[in-house]
Amino acid sequence: MIKKIFSASWVFLVLLAIYLPIIILAIYSFTDSTTIGAIRGFSLHNYETLFTTKELLEMIVDTLVLALVVAILAVVLGTSGAIGAFYSKRLPKAFIRNANQIPVVNADVVTGFSICILLIVAFGIDKSTYIPLVIGQVTLCAPFVYLSVVPKLIQMDNNLYEAALDLGATPSKALFKVVIPQIMPGIVSGFMLSITLSLDDYFVTTYTKPATFNTISTYVVNATKGAQTNIKTALWALSTIIFAIVIAIVLINYFRTNKKVGESRWKN
């Protein structure tokens, strides 16, 4: 009994440490306060500023467009790499697996600085083309897609692919009709993870982005260095909205999963 109480208390403290700052920020986003510490009264001023300030809206749209482009490219590269490694021989498979670990364990600041030197300094690619930014973020995200897809390939019944070939399907048709549907949960997970990483990334983006371009992460950091007070507090509202969207996605996925499990049990 004491062990259960201790375990539950520890989990509660960990969750409190993680979510309490976000909850406090969300509460203050609905007030007139300009600093954390004193609540002046209920207000939707921060949300009004967020949705009526052109600069903020452009920054949000640019961030989302970049995240979608990066996620699509990362899914294509990460999924292709995972499938290629899975069906490769031992040595190529080991090489691809180990090479994939480098961007994962490497510090983001090192990745961003390396890409900056390689593309901008060595190859002379102009940052205003957005090419270094996209390549940098894809380099960051693609390994995580690989890690999301590989477990699904391992769980897949490889006899299905071979059966499709025996029945006359071409390798490409068997890939898209048999393999891809089997690993689709991993692909979707990798896609969502790539969007999250792109939205969250600061170091790679800072080193590779055009001077006039900002994502949410770079804008928030720069806003703490002298932006107007109403812009700073509007970012509280933005953080609250992002958190609410994430919670909604998690809950929807949770209930959908439980529903599928319940339906499968009922059928059995």
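Structure report, in brief. (Residues numbered from 1 in each chain as written. Predicted model: local features only at pLDDT ≥ 70, side-chain atom pairs only at ≥ 80, totals over all residues. Heavy atoms only, no water.)

Focus: the state of the cysteines
In total, this model carries 0 disulfides according to the counting rule given. There is no disulfide at Cys116, and the cysteine sulfur nearest it, in Cys141, is 18 Å away. Judged by its relative accessible area of 14%, Cys116 is buried. (Disulfide = S-S within 2.5 Å. Buried < 20%, exposed > 50% of the residue type's maximum accessible area, 1.4 Å probe, protein only.)

Here we look at unusual backbone geometry
The residue Tyr130 is not glycine, and still its phi comes out positive at about 70 degrees. Among the secondary structure elements, Tyr130 is positioned in the loop between α5 (108–122) and α6 (131–155). Among the residues examined, Tyr130 registers a relative accessible area of 36% and is labelled partly exposed. (Helix = DSSP H or I, 4+ residues; strand = E, 2+ residues; numbered from the N terminus.)

Observations regarding the environment of Asp200
Tracing the backbone through its elements, the reader meets Asp200 in helix α8 (residues 171–200). Put simply, Asp200 and Tyr254 are 54 residues apart on the chain and 23 Å apart in space, counted from C-alpha to C-alpha.

A short note on the nonpolar core
Membership of the largest hydrophobic core comes to 27 residues, with the highest contact counts inside it found for Leu66, Ile83, Val149, Leu153, Val179, Ile183 and Ile187. Of all elements in the fold, only α3 (54–86), α6, α7 (158–166) and α8 reach the threshold of two or more residues within this core. With 9 residues, the single largest contributor to this core is α6. The residues contacting Ile187, other than those within four sequence positions of it, are Val75, Thr79, Val149 and Ile180. (Core = buried A, V, L, I, M, F, W, Y, C linked by side-chain atoms within 4.5 Å. Contact = heavy atoms within 4.5 Å.)

Details of the side chain of Asn46
Here Asn46 is to be found in helix α2 (residues 45–52). Once residues lying within four places of it in the same chain are set aside, the contact partners of Asn46 are Tyr28, Ser29, Thr31, Thr233, Ala234, Trp236 and Ala237.

What to know about the side chain of Ser33
Of note, Ser33 is situated in the loop between α1 (2–28) and α2. Residue class for Ser33 comes out buried when judged on its relative accessible area of 2%. The contacts of Ser33, once residues within four sequence positions are left out, are Tyr28, Ala38, Ile39, Arg40, Thr233 and Trp236.

Quick word on α5
Between its first and last C-alpha, α5 extends 20 Å over 15 residues, near the 21 Å set by a 1.5 Å rise per residue. Three or more residues of α5 are buried, namely Thr111, Gly112, Ile115, Cys116, Leu119 and Ile120. (Expected span 1.5 Å × (residues − 1).)

Structural notes on the packing of aromatic side chains
Evaluated as defined, the whole model comprises 9 aromatic pairs. Seen from their ring centres, Tyr28 and Trp236 are 6.3 Å apart, and the 85 degrees between their planes marks the pair as edge-to-face. Placement of the pair is Tyr28 in helix α1 and Trp236 in helix α11 (residues 229–267), with a sequence separation of 208 residues. Aromatic side chains Tyr87 and Tyr161 sit 5.5 Å apart centroid to centroid with 40 degrees between the ring planes, which places their arrangement in the tilted category. Placement of Tyr87 in the loop between α3 and α4 (90–105) and of Tyr161 in helix α7 is noted, with a sequence separation of 74 residues between them. Within the aromatic cluster, the residues linked to one another by ring pairs are Phe30, Phe42 and Tyr47. Lying over the aromatic face of Phe86, Lys93 brings its terminal NZ or CZ to 5.7 Å of the ring centre. (Phe/Tyr/Trp six-rings, centres within 6.5 Å; stacked < 30°, edge-to-face > 60°. Lys NZ or Arg CZ within 6 Å of the ring centre and 35° of its normal.)

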